[in-house]
Amino acid sequence: MVTVTEHYDAYPYPARDPADEDKRLILGSPSRPEEMDHILWGGRRDWTQTLRILVAGGGSGDGLVQLAQRLTSAGRPYEMTYLDLSTSARAVAEARIARRGLNHVQFVTDSLLRAPDLGLFDYIDCCGVLHHLPDPDAGFAALAQACAPDGGLGFMVYAPHGRSGVYPLQAAFGALFADEPPQARLAAARALYDRLPAGHPIKRNPHLVDHHASDAGFYDLLLHSQDRAYGVGDLLETLDRTGWQLAGFCQPGLYEPERITGQPHDLAPAEAMAVAEQLRGTLKVHVGYARPKGAEAPAPRQSLDRIPHLGAPAAKVAQVVAAGRAVPIKVEGESSPVTLPPQTAPAIAGIDGRRTLAEIAARLGKDPLAFGAWWRPIEDTFMPWGLLRYSGVLRR
Ligand SMILES: C[S@@+](CC[C@H](N)C(=O)[O-])C[C@H]1O[C@@H](n2cnc3c(N)ncnc32)[C@H](O)[C@@H]1O
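Residues numbered from 1 in each chain as written. Predicted model: local features only at pLDDT ≥ 70, side-chain atom pairs only at ≥ 80, totals over all residues. Heavy atoms only, no water.

Enquirer: Give me the nonpolar core: which residues, what numbers.
Expert: Membership of the largest hydrophobic core comes to 62 residues, with the highest contact counts inside it found for Leu 112, Ile 124, Leu 143, Trp 244, Ile 348, Trp 375 and Phe 382. The residue makeup of this core includes at least three contributed by each of domain 1 (4-161 + 227-292) and domain 2 (308-390). Once residues lying within four places of it in the same chain are set aside, the contact partners of Trp 244 are Phe 140, Leu 143, Ala 144, Cys 147, Gly 152, Leu 153, Leu 239, Ala 290, Arg 291, Pro 292 and Lys 293. (Core = buried A, V, L, I, M, F, W, Y, C linked by side-chain atoms within 4.5 Å. Buried < 20%, exposed > 50% of the residue type's maximum accessible area, 1.4 Å probe, protein only. Domains from an automatic or database assignment. Contact = heavy atoms within 4.5 Å.)

Enquirer: How would you explain the UniProt feature "domain: Methyltransferase type" (unreviewed entry) in the protein chain if you had to name every residue and give the values?
Expert: The feature "domain: Methyltransferase type" (unreviewed entry), as given by UniProt, occupies residues 56-152 in the numbering adopted here. Between the end C-alpha atoms of residues 56-152 there is a gap of 13 Å, over a span that is 37% helix and 27% strand. (UniProt positions renumbered as here; feature names shortened; annotations may be inferred. Helix = DSSP H or I, 4+ residues; strand = E, 2+ residues; numbered from the N terminus.)

Enquirer: Go over the domain arrangement of the protein chain, please, and point to the residues and values.
Expert: Taken domain by domain, the protein chain comprises domain 1 (4-161 + 227-292) and domain 2 (308-390). Taken over C-alpha atoms, the centre of domain 1 sits 27 Å from the centre of domain 2. Contacts between the two partners involve 16 residues from domain 1, matched on the other side by 11 residues from domain 2. Across the domain 1/domain 2 interface, buried area totals approximately 1,100 Å², and carbon plus sulfur atoms make up 52% of it. Its largest share of buried area at the contact with domain 2, domain 1 owes to Glu 34, His 38 and Gln 251, together 43% of the area lost on that side. Across the contact surface, domain 1 and domain 2 share one salt bridge. In this structure, Glu 35 and Arg 389 form a salt bridge, with 3.5 Å as the shortest nitrogen-oxygen distance. Counting residues per element, the side of domain 1 that touches domain 2 draws most heavily on helix 2 (residues 33-41), at five residues. (Buried area = accessible area lost by both parts, 1.4 Å probe. Salt bridge = Lys/Arg side-chain N within 4 Å of Asp/Glu carboxyl O.)

Enquirer: Hey, could you go over helix 7 (residues 182-195) for me, with residue numbers and the actual values?
Expert: With 14 residues, helix 7 extends 20 Å between its outermost C-alpha atoms, agreeing within 8% with the 20 Å of an ideal straight helix rising 1.5 Å per residue. When we look at burial in helix 7, the residues that qualify are Pro 182, Arg 185, Leu 186, Ala 189 and Tyr 193. Buried residues of helix 7, seen end-on, are gathered within an arc of 95° and therefore sit on one face of the element. In helix 7, those exposed residues whose orientation departs by more than 90 degrees from the buried face are Asp 194 and Arg 195. Those residues of helix 7 hidden inside the fold are in contact with helix 1 (4-10), helix 6 (166-176), helix 8 (210-213) and helix 9 (215-222). (Expected span 1.5 Å × (residues − 1). Arc of directions from axis to C-beta.)

Enquirer: Tell me what's going on with the sheet that holds strand 1 (residues 51-56), and back it up with residues and numbers.
Expert: One open sheet accounts for seven strands, arranged 3-2-1-4-5-7-6; its pairing is mixed. At either margin of the open sheet sits one strand with a lone partner, and together these are strand 3 (105-109) and strand 6 (244-249). Within the sheet, the average angular offset between the axes of one strand and its neighbour, ignoring direction, is 20°. In this sheet, strand 7 (residues 285-292) lies alongside strand 5 (residues 147-158) in antiparallel orientation, the contact comprising six bridges. Following the sheet pairing, Val 157 is matched in strand 7 by His 286. Across the sheet, helix 3 (residues 62-74) is in contact with strand 1, strand 2 (78-84), strand 3 and strand 4 (121-127); its angle to strand 2 comes to roughly 175°. (Pairing = 2+ DSSP bridges. Axes fitted to C-alpha atoms, helices over the stretch in contact; angles between N-to-C directions.)

Written out as structure tokens, the structure is:
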């Protein structure tokens, strides 16, 4: 059997060329600073304080590079530790960080089970890793021990329904090619994939694309030797068992069954999330944030000193809204248009990640009370899809 370390040494994931850092910055969740602040710290983090960050299972560096670059560009102090078992993945991540001239990152080759030995962290990124551990609970628990009491975890773990077709194939390829080295396994599995019946669930699943993207993607999706998925109920129980509590999902709207049933419900929160996941049927990952179990969540704020960030170009969105057209939002790969009253357009245009709500109101000559009511539909429309966040990270 090929071990997880051998796998990622042969095919560091995701496949990245450090030279591409000159052309683009890959963005994604978790670990967008304004999203971390909004969900973990109620939009009130003091960004003048150094953020101690652990990127656990950092792979070829997408989360690492995003966070290091965003904080550097914002002029915010941080110290970052990259931790991964694979030396090949680390080499790619190191080259990407060097290419960008970022210099507050130290690299460690080890298991994330050793995270508590590295100190206490204010923020831990662990994206697409814990479901690959032989004992994922031990991984969750090790990260909980390494997290500061008022810190948090940004996570991504696999979800079952959107991965339909993956697990039977992993099992079959595992049985057929168990004794082959990684490159031979890949070649054999690729050839066999082409011979699968057209009706195989993997061939009918439009939500999975990694195996078409690169060798590393094919290997990671279909040849993994250690891989499991979490139903949302299972995930919440795992967090609870291992010293965490959910702070929030990046797109909470995905977990609200009433958005599909069209009816109010009286389900308990965890059951409602499970029902939403079952009704959607397409979630392939759960992406969100957790805080240490027992830590207090920040109280919700209504004040106008909050600084909104829009997850899309504000001027463009404002133009569409002003014209009375629907804003196309992507939800789980499908377009799900939303409409807003055209009179909200100027407020949307005012969002730049630096102005407070009070300053946006003043620019529009609105009195603060009236502005609050006016702002609510904007918040209600974008927040469930992770498109509106509050954070002072860019405010100097
Ligand atoms: C699917 S990749 C994800 C990489 C990165 N987090 C991302 O989202 O792009 C999984 C990474 O986790 C690493 N990994 C797996 N088990 C680990 C462990 N016990 N400790 C540290 N890293 C681990 C692998 O070497 C691999 O680089």
